[in-house]
Amino acid sequence: MKKSSFVALILGTVSGVLFALGMCMALLPEWEAFTEGIIFGAVGIVLSVVTALIWCKMENKKMPKMNGKNVLRIIYAIVAILVLGVGMCMCLVWEQIIWGTLVGLLGIIMLIALIPMIKGIK
C-alpha cells in the first residue's frame, strides 16, 4: 500500500466516523447533543475535504474540475445517499421493514451505478 493511500484511508475513516457520530448526536433526541452533533458533523465534512486535498497533493494530481458533468454526478450521488438513508429510516425508525429494505436496496444500487458513471465501462 502506498503511503498516500494509507494516509487517505486513515483520514477518510476518521472524517467519516466524525460525520456519522455528529449526525447521530444531532438527530437522536435521547442523546440531547444537537449543537455538539452539528459541530462534529461539520468537522467531519471539513476533514473529508482536507483529506481529498492532501491525497491529491501526495499523488501530484489536480482536483477534479467543476464542470456540468461533475456537478450532475455530485447531485446524483447526494440523491443516492439520501435514498439509502430514507430506506434505513423506514426500517429503523418507522418500522416498515419490507419497504425500507427495498428503498435501501435501491439506494445501494444507485451508489454502485456511480462506479461506471465515473470510471466508464471498457
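Conventions used here
- Residues numbered from 1 in each chain as written.
- Predicted model: local features only at pLDDT ≥ 70, side-chain atom pairs only at ≥ 80, totals over all residues.
- Heavy atoms only, no water.
- Helix = DSSP H or I, 4+ residues; strand = E, 2+ residues; numbered from the N terminus.
- Buried < 20%, exposed > 50% of the residue type's maximum accessible area, 1.4 Å probe, protein only.
- Contact = heavy atoms within 4.5 Å.
- Areas by Shrake-Rupley, 256 points an atom, 1.4 Å probe, with all protein chains shown as cover.
- Lys, Arg positive; Asp, Glu negative; His and termini not counted.
- Charge placed at Lys NZ, Arg CZ, Asp CG, Glu CD.
- Salt bridge = Lys/Arg side-chain N within 4 Å of Asp/Glu carboxyl O.
- Patch = residues over 30% accessible without salt bridge, like charges linked within 9 Å, V, L, I, M, F, W, Y side chains within 5 Å.
- Axes fitted to C-alpha atoms, helices over the stretch in contact; angles between N-to-C directions.
- Parallel < 35°, antiparallel > 145°, perpendicular 65-115°, else oblique.
- Left-handed = near helix turned anticlockwise from the far one by under 90°.
- Nonpolar A, V, L, I, M, F, W, Y, C, P; charged D, E, K, R; others polar.

A. Local environment of the overall build of the chain. For the chain, the count of helices and strands is five helices and zero strands. Here the chain holds 122 residues, and 21% of them are scored as buried. At a minimum sequence separation of 6, the contacts of the chain that also span at least 24 residues come to 47%. Only carbon and sulfur atoms are counted for the fraction: they give 77% of the accessible area of the chain, which is about 9,200 Å². When the 10 basic and 5 acidic side-chain charges of the chain are each reduced to a single mean position, those positions are 34 Å apart.

B. Just unusual backbone geometry, in detail. Located in the positive-phi region is Glu 32, a residue other than glycine, with phi close to 50°. In this structure Glu 32 comes out as exposed when scored by relative accessible area, which is 71%. Of note in this structure, Glu 95 is not a glycine but carries a positive phi near 55°. Mapped onto the elements, Glu 95 comes out in the loop between α3 (68-92) and α4 (97-112).

C. Just the pattern of salt bridges, in detail. For the structure shown, the criterion picks out one salt bridge. Note that Lys 2 and Glu 59 form a salt bridge whose closest N and O atoms lie 3.0 Å from each other. Of this pair, Lys 2 sits in the segment before α1 (3-27) while Glu 59 is found in the loop between α2 (34-58) and α3, placing the two residues 57 residues apart along the sequence.

D. Local environment of a nonpolar patch on the surface. On the surface, Met 66, Val 71, Leu 72, Ile 74, Ile 75, Ile 78, Val 79 and Leu 82 cluster together into a nonpolar patch covering about 750 Å² of accessible area. Mapping Ile 75 onto the fold places it in helix α3.

E. Spatial organisation of the packing of α3 against α4. Contact geometry for α3 and α4: axes closest at 7 Å, N-to-C directions at 160°. In terms of their interaxial angle, α3 and α4 are classed as roughly antiparallel. The two elements α3 and α4 meet at a crossing, and its hand is left-handed. Taking contact as the criterion, the partners of Tyr 76, Ala 77, Val 79, Ala 80, Ile 81, Val 83, Leu 84, Val 86, Gly 87, Met 90 and Cys 91 in α3 are, on α4, Ile 97, Trp 99, Gly 100, Thr 101, Val 103, Gly 104, Leu 106, Gly 107, Ile 108, Met 110 and Leu 111. Taken together, the residues of the contact of α3 with α4 sort by class into 17 nonpolar, five polar and no charged.

F. Layout of the environment of Phe 34. Along the chain, Phe 34 falls in helix α2. Between the C-alpha atom of Phe 34 and that of Leu 11, which follows or precedes it by 23 residues, the distance is 24 Å. Residue contacts for Phe 34: discarding those within four places in its chain leaves Met 25 and Ala 26.

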